[in-house]
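# Reading the structure
What follows is each chain in one-letter form.
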Amino acid sequence: GGGGHGGGQQPLYDGPVAPLVKSANSWRPTKNVSALAVAEKAFKSIMNKMTKEKFKRLSQQMVEIPIQSYEMLTMMIENVYDKAIDEPSFGEIYADLCVKLSESVSGSSFVHIIESDEEPPTEGDVSASMPGVEASHNTVYRWSNDVNVTDSEIVGPFASEEECREVAVDQTNDPSPISRGDMELELVSVSIRQGMFIKVMKKKEADSVDDGNIFYTVYFPVADATECGQQLSEAIWLSQPEAVSDANKKNSFKR
């Protein structure tokens, strides 16, 4: 009996097996768009009440809406433009409003210059560096007009800004993000190290002295910036003044 089984188990495949490679920092943050939605709702509400008599008071309320990104500024411009098209008799009011908004965003407070250790650019080369690459001995610069502190998930807490950076570039690290919840954060720094975009934050209002020394981070490969909803300049600049000049040109209210 049992002759059909041949008297032994078939040997397992014993050919070459590729080693298991841990994916580099497999967690990816997702952009939180709630701040944009709140700002748009507030802006439209004020726009709908706008009259020549109420202009001074309502326009002041408008410029007090914190503009956190170029995306938010664009939303405001488009709303003013649409209103001007729909209500040409109020064109003068909307022109004055554009001037006031332009003055309020002078200096592009939402633009951040990002120090990077990427290789200096060669002509026509705007490719993003890959995570895990050896840092160059150069300092170059990019800019972003959308560095938010409202991520749904963050990594931490950590004892220092430098510890955040070390964790971000550690390719063996598999982060365990936590929910930000209602925690209000402020930006400490944003940089690019070894192909990783690294944002370091801390509590906006510390509950205790110790809270002032607790840091959180969000990071991902520069190559995945678009996937993560993070705007970055394609161009890499050799000097900070060059990056600032380019950022101001491309993020002005008047273009």
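One can find the structure itself at the top, above this paragraph.
Bear in mind the structure is a predicted one, so any value in this text is a computation, not a measurement.

Right, let's talk about the overall build of the protein chain for a bit. Per the secondary structure count, the protein chain includes six helices and seven strands. The buried share of the protein chain, taken over its 255 residues, is 38%. Look at the contacts in the protein chain between residues 6 or more apart in sequence, and 74% of them connect residues 24 or more apart. Total accessible area computed for the protein chain in this model is approximately 14,800 Å², and 51% of it derives from carbon and sulfur atoms.

Turning our attention to helix α1 (residues 34–47). Compared with the 20 Å implied by 1.5 Å per residue over 14 residues, the 20 Å span of α1 between its first and last C-alpha is a close match. Regarding α1, the residues found buried are Ala39, Phe43, Ile46 and Met47. The buried residues of α1 occupy one face: seen down the axis, they fall within an arc of 100°. Relative to its buried face, α1 has exposed residues pointing more than 90 degrees away, namely Val38 and Lys41. Each element contacted by the buried residues of α1 is listed here: α2 (55–63), α3 (70–86) and α4 (91–104).

To continue, consider empty space enclosed by the protein. On inspection of all chains with the given rule, the structure shows two cavities of 30 Å³ or more. Taken as a whole, the largest cavity encloses approximately 100 Å³ of empty space. For the largest cavity, the lining is made up of 13 residues, of which Asn32, Ala35, Ser69, Asp146 and Asn148 are closest to its centre. If you list the elements that add at least two residues to the lining of the largest cavity, you get α1 and α3. Of the residues in the lining of the largest cavity, the class split is five nonpolar, five polar and three charged. Lining the second largest cavity are Pro29, Thr30, Lys31, Asn148, Asp151, Lys199, Val218, Phe220, Cys228, Gly229 and Gln230. The residue inventory of the lining of the second largest cavity, partitioned by class, reads four nonpolar, four polar and three charged.

A cis geometry characterises the amide bond from Gly156 onward to Pro157, with omega recorded as 5°. Note on placement: Pro157 falls in strand β3 (residues 153–158). Although it is not a glycine, Gln194 sits at a positive phi angle of roughly 50°. Relative to the elements of secondary structure, Gln194 occurs in the loop between β5 (185–193) and β6 (196–203).

Here we take up the nonpolar core. In this structure, Phe43, Met47, Met62, Met76, Val80 and Leu97 are the most contacted members of the largest nonpolar core, which totals 24 residues. Of all the secondary structure elements, the ones that give two or more residues to this core are α1, α2, α3 and α4. Examining the composition of this core, we find that six residues originate from one element, α3, more than from any other. Those residues in contact with Leu97 that lie beyond four places of it in its chain are Met47, Phe55, Ser59, Met62 and Val80.

Here the focus is the pattern of salt bridges. Evaluated as defined, the whole model comprises nine salt bridges. A salt bridge links Lys199 to Asp151, with the shortest nitrogen-to-oxygen separation between them at 2.9 Å. Of the two residues, Lys199 sits in strand β6 while Asp151 sits in the loop between β2 (140–144) and β3, which places them 48 residues apart along the sequence. Here Glu162 ties to Arg165 by a salt bridge, and the two come within 3.3 Å at their closest N and O atoms. Of this pair, Glu162 and Arg165 both sit in helix α5 (residues 161–169), three residues apart, which is roughly one turn of the helix. Residues joined by salt bridges that share partners form a network here, namely Glu161, Glu162 and Arg165.

Here we take up the pairing of β6. Of all eight residues in β6, six are buried, a share of seventy percent or more. Where β5 lies against β6, eight bridges are found, and the strand directions are antiparallel. From the neighbouring strand, Val190 faces β6, where its bridge partner is Lys199. Linkage of β5 to β6, two consecutive antiparallel strands, is achieved through a turn of two residues, within which Gln194 is found at a positive phi near 50°. Summarising the sheet, β6 and strand β7 (residues 215–221) pair through six bridges and their orientation is antiparallel. Looking at the pairing, Met196 lines up with Pro221 of β7.

About the cut-offs
- Residues numbered from 1 in each chain as written.
- Predicted model: local features only at pLDDT ≥ 70, side-chain atom pairs only at ≥ 80, totals over all residues.
- Heavy atoms only, no water.
- Helix = DSSP H or I, 4+ residues; strand = E, 2+ residues; numbered from the N terminus.
- Buried < 20%, exposed > 50% of the residue type's maximum accessible area, 1.4 Å probe, protein only.
- Contact = heavy atoms within 4.5 Å.
- Areas by Shrake-Rupley, 256 points an atom, 1.4 Å probe, with all protein chains shown as cover.
- Expected span 1.5 Å × (residues − 1).
- Arc of directions from axis to C-beta.
- 1 Å grid on protein atoms, 1.4 Å probe; cavity = no way out; pocket = protein on both sides within 12 Å on 5 of 7 lines; lining within 4 Å.
- Points joined across faces, edges and corners; volume = space filled by probe spheres on them.
- Nonpolar A, V, L, I, M, F, W, Y, C, P; charged D, E, K, R; others polar.
- Core = buried A, V, L, I, M, F, W, Y, C linked by side-chain atoms within 4.5 Å.
- Salt bridge = Lys/Arg side-chain N within 4 Å of Asp/Glu carboxyl O.
- Pairing = 2+ DSSP bridges.

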